[in-house]
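# Coordinate inspection notes
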Amino acid sequence: MQSRELDQFEQTVAADHRVEPRDWMPDGYRATLVRQIAQHAHSEIIGMQPEGNWISRAPSLRRKAILLAKVQDEAGHGLYLYAAAETLGADRAELTEKLIAGRQKYSSIFNYPTLTYADVGVIGWLVDGAAICNQVPLCRTSYGPYARAMIRVCKEESFHQRQGYELLMTMMSGTEQQRAMVQESVDRWWWPSLMMFGPPDAESSNTEQSMLWRIKRHTNDELRQRFVDMSVPQAAKLGVTLPDPHLVWNAERGHHDFGEIDWTEFWQVVKGDGPCNAQRVEHRRKAHEDGAWVREAATAYARKKEQAA
Amino acid sequence: MTRSSWPLYEVFVRGKRGLNHVHVGSLHAPDDEMALRNARDLYTRRNEGVSIWVVKAESITASSPDEKDPFFAPSGDKVYRHPTFYAIPEDVPHL
Ligand SMILES: [Fe+2]
Ligand SMILES: [Fe+2]
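Just so it is clear, the model here is predicted, and its values are computed rather than measured.

For the rest of this paragraph, the subject is the pattern of salt bridges. All names here are of chain A. Inspection of the entire model under this criterion finds 25 salt bridges over all chains. A salt bridge links glutamate 166 to arginine 63; its shortest N-O distance comes to 2.9 Å. With a gap of 103 residues between them, glutamate 166 in helix H7 (residues 144–172) and arginine 63 in helix H4 (residues 61–86) connect regions that are remote in the sequence. For glutamate 166, a relative accessible area of 28% corresponds to the partly exposed category.

Take a look at the structure:
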């Protein structure tokens, strides 16, 4: 016979009510959430790097201010999510240590380099766009603090996507060289963006249980399809070609068919052999360690003030 | 390395005049003043608030470890506390 606590938990989830921090929950549910939320938080924080790279080189004060605000938002997203992970008993500093030690992952998309300024626009359009597809259903995820964090995140993401698309529209109405720059960037980011939804359903080991627990609401392939369908008209309007000869409308399915994703590349990047994995983690480690004296000084100051009081 | 030596604060924001402060999340800070500044940067980047409260999480006393606890049972069977409990003829004005 299963426990009264488990009954209660299952009833809460089945009724689409939210599980709150002090409720009893199965160990597996807690562990899955900590892993997923931490990975999500790490992605936001590491995700600041590829774009942060362009803040000082963005072509105008306006573009610099926009990019700075966007990157600052991503820091905020990371912090909302670390706060949600902490309500499950995780320790924030420990999560950072695990990231630096390579024991926790982040989205593989951020292991690709930002080679041109057009990448800033394409990241906003495609990478933030894919993130939005993933995140909107998470606003209804079964764990309350995670759902609430995602609502805040989603509100802010739409600015990210729109600034990216607007940047690209501006470049597309520029010179031939600028248009070529946008197309070249789309060619590099399209496939990695599709990989952001994770492995195909048949190989996604956690999906089934996560859907039962209503942590996840849609499978990886469903969300990927939704993203492709959304992106096609946006690409057309922009005047760029998505680099997939198999991309075609399928009237029977009511969806676009698209080509096979290079899963070998996906797993290679996930396992640490992407173009920038080592650089991203090293940068994070250095920032964390270089900031140690600030954290220590603030702590010492707070202690001194407390003693004086 | 010192681990999480900064205390946890819960953050409450008043969205605009006339509304209650509402819990929006948490953060770590070395002291109350820094907690307020960090809360401003983290939770009100787009005019989400006109006033912020921060309180150390350890100072909060909560009702019970379970969100659906018998603690709230006493109010469950007192339907007479609600105005709809009382049948009043339709033609009585202003009631
Ligand atoms: Fe984000
Ligand atoms: Fe974003």
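Further notes follow.
Between two packed helices, the angle of one axis relative to the other and the distance separating the axes together describe the packing. Residues and elements named next belong to chain A. Contact geometry of helix H2 (residues 27–46) with H7 gives a least axis separation of 13 Å together with a crossing angle of 25°. Here H2 is positioned roughly parallel relative to H7, judged by the angle of their axes. Between H2 and H7 the crossing geometry is left-handed. For the pair H2 and H7, the contacting residues are Leu33, Gln36, Ile37, His40 and Glu44 in the first and Tyr146, Met150, Val153 and Glu157 in the second. In terms of residue class, the contact of H2 with H7 is made up of five nonpolar, two polar and two charged.

A separate point is the coordination of the iron ion (ligand 1). Residues and elements named next belong to chain A. Note on the iron ion (ligand 1): its protein donors are Glu44 (OE), Glu74 (OE), His77 (ND1) and Glu157 (OE). The metal-donor distances range over 2.0 to 2.2 Å. Around the iron ion (ligand 1) sit four donor atoms; with metal-centred angles ranging over 82 to 156°, the donor geometry is irregular. Coordination of the iron ion (ligand 1) draws on donor residues from a single chain, spaced E-x29-E-x2-H-x79-E in sequence. Taken as an interatomic distance, the gap from the iron ion (ligand 1) to the iron ion (ligand 2) is 3.3 Å; glutamate 74 donates to each of them. Of this pair, glutamate 44 sits in helix H2 while glutamate 157 sits in helix H7, and the two are 113 residues apart along the sequence. On the basis of relative accessible area, glutamate 157 is assigned to the buried category, the value being 1%.

What follows is about the interface of chain B and chain A. Opposite the 25 residues of chain B that make contact, chain A presents 27 residues. Summed over both partners, the interface of chain B with chain A buries about 2400 Å², with 43% contributed by carbon and sulfur atoms. Where arginine 45 of chain B meets aspartate 73 of chain A, a salt bridge forms, and the shortest distance between an N and an O atom there is 2.9 Å. Summed over the shared surface of chain B and chain A, the result is eleven residue pairs in polar contact (both at pLDDT 80 or more). By residue number, the principal contributor to the side of chain B that touches chain A is strand E2 (residues 21–28) of chain B, which donates four residues. A class-by-class count of the residues in the side of chain B that touches chain A yields ten nonpolar, six polar and nine charged.

With that out of the way, let us pick up the state of the cysteines. Residue and element names in this part refer to chain A. For the structure shown, the criterion picks out zero disulfides over all chains. Lacking any disulfide linkage, cysteine 133 is separated from the closest cysteine sulfur, that of cysteine 154, by 10 Å. Residue classification places cysteine 154 among the buried positions, given a relative accessible area of 14%.

Our focus in this paragraph is the coordination of the iron ion (ligand 2). Ideal values differ by geometry: the angle at a metal is 109.5 degrees with four tetrahedral donors, but 90 or 180 degrees with six octahedral donors. Residue and element names in this part refer to chain A. Within the first shell, the iron ion (ligand 2) binds the protein through Glu74 (OE), Asp128 (OD), Glu157 (OE), Glu157 (OE) and His160 (ND1), at distances of 2.0 to 2.7 Å. Expressed as a motif, the donor residue spacing for the iron ion (ligand 2) is E-x53-D-x28-E-x2-H. The class of histidine 160 is buried, set by a relative accessible area of 0%.

Attention now goes to the sheet that holds strand E3 (residues 51–56) of chain B. Residues and elements named next belong to chain B. An order of E2-E1-E3 is seen for the three strands of this open sheet, with the pairing classed as antiparallel. Where the open sheet ends on each side, the last strands, each with one partner, are E2 and E3. This sheet shows a mean twist of 25° between the axes of neighbouring strands, independent of strand direction. As paired strands, strand E1 (residues 8–14) and E3 are joined by six bridges and run antiparallel to one another. By the bridge assignment for E3, valine 13 is matched with isoleucine 52.

Moving on, we come to the packing of aromatic side chains. Summed over the entire model, instances satisfying the criterion amount to 13 aromatic pairs over all chains. Ring geometry for tyrosine 80 of chain A versus tyrosine 43 of chain B: centroids 5.6 Å apart, planes at 25°, classification stacked. Taken as a pair, tyrosine 80 of chain A in helix H4 and tyrosine 43 of chain B in helix H1 (residues 32–43) lie in two separate chains rather than in one. With respect to burial, tyrosine 80 of chain A and tyrosine 43 of chain B carry one shared label: buried. By way of ring pairs, the aromatic residues Phe9, Trp24, Tyr29 and Trp213 of chain A are connected into one cluster. A cation over an aromatic ring shows up here: arginine 57 of chain A above the ring of tryptophan 54 of chain A, its NZ or CZ 4.0 Å from the ring centre. The ring of tyrosine 80 of chain A carries the charged tip of arginine 152 of chain A above its face, separated from the ring centre by 5.2 Å.

Before going further, it helps to spend a moment on the environment of leucine 115 of chain A. All names here are of chain A. Relative to the assigned elements, leucine 115 resides in the loop between helix H5 (92–100) and helix H6 (118–135). Residue classification places leucine 115 among the exposed residues on the basis of a relative accessible area of 53%. Along the chain, leucine 115 and glutamate 176 lie 61 residues apart, while their C-alpha atoms are 18 Å from each other. Residue contacts for leucine 115: discarding those within four places in its chain leaves Trp54 and Arg188.

This paragraph deals with H1 of chain B. When the terminal C-alpha atoms of H1 of chain B are compared, their 16 Å separation across twelve residues agrees well with the 16 Å that a helix rising 1.5 Å per residue should span. Every buried residue belonging to H1 of chain B is among Ala35, Ala39, Leu42 and Tyr43 of chain B, and all of these are buried. Down the axis of H1 of chain B, the buried side of the element spans an arc of 75°, and every buried residue falls inside it. The inward-facing, buried residues of H1 of chain B abut H4 and H7 of chain A together with E1, E2 and E3 of chain B. The opening residue of H1 of chain B is aspartate 31 of chain B, an N-cap whose side-chain oxygen sits 3.3 Å from the backbone nitrogen of glutamate 33 of chain B.

Reading guide: rules and limits
Along each chain, residues carry numbers from 1 onward, in the same order as the chain's sequence is written. For this description, chains carry letters from A and ligands carry numbers from 1, given in the order in which they are written. Local features in a predicted model are, by the rule used here, given only for residues with pLDDT of at least 70; side-chain atom pairs are given and counted only at 80 or more, and totals for whole chains, interfaces and linings are based on all residues. Only hydrogens and water are set aside; all other atoms, that is, all heavy atoms of the structure, feed into the side-chain values. Every case where a carboxyl oxygen of Asp or Glu lies within 4 Å of a side-chain nitrogen of Lys or Arg is listed as a salt bridge. The helix count covers DSSP runs of H or I at least four residues long, the strand count covers runs of E at least two residues long, and both are numbered beginning at the N terminus. When accessible area is computed with a 1.4 Å probe and restricted to protein chains, residues below 20% of their type maximum are described as buried, those above 50% as exposed, and intermediate ones as partly exposed. Axis definition: a line fitted to C-alpha atoms, over the contacting stretch in the case of helices. Angles run 0 to 180 degrees between N-to-C directions. By definition in this entry, angles of less than 35 degrees are roughly parallel, angles greater than 145 are roughly antiparallel, angles of 65 to 115 are roughly perpendicular, and the rest are oblique. Left-handed describes a crossing in which the near helix is turned anticlockwise from the far one by less than a right angle; the clockwise case is right-handed. We call two residues contacting when some pair of their heavy atoms lies within 4.5 Å. For this classification, Asp, Glu, Lys and Arg are treated as charged, while Ala, Val, Leu, Ile, Met, Phe, Trp, Tyr, Cys and Pro are nonpolar and the rest, including Gly, are polar. Donor atoms: N, O and S within 2.8 Å of the metal, or within 3.2 Å for Na, K and Ca. Because water is excluded, sites can look incomplete. Working rule for geometry: tetrahedral if four donors all subtend angles between 85 and 135 degrees; square planar for four, octahedral for six, if opposite donors exceed 155 degrees and the others stay between 65 and 115; irregular in every other situation. By definition, the buried area sums, over both parts, the 1.4 Å-probe accessible area that each loses when the two are put together. In the analysis that follows, any N or O atom pair within 3.5 Å is treated as a polar contact, provided that within protein one partner can donate a hydrogen and the other can accept it, and provided that, for residues neighboring in sequence, both atoms belong to side chains. Note that a disulfide, as used here, is simply two cysteine sulfur atoms within 2.5 Å. Two strands make a pair as long as DSSP finds a minimum of two bridges between them. Side-chain rings of Phe, Tyr and Trp (the six-membered ring for Trp) are treated as a pair once their centres are within 6.5 Å; stacked means planes under 30 degrees apart, edge-to-face means over 60, and tilted covers the remaining angles. Whether a charge sits over a ring depends on NZ of Lys or CZ of Arg being within 6 Å of the ring centre and within 35 degrees of the ring normal. Any helix carries an expected span of 1.5 Å times its number of residues minus one. Each C-beta atom gives one direction from the helix axis, and the arc is the one those directions make.

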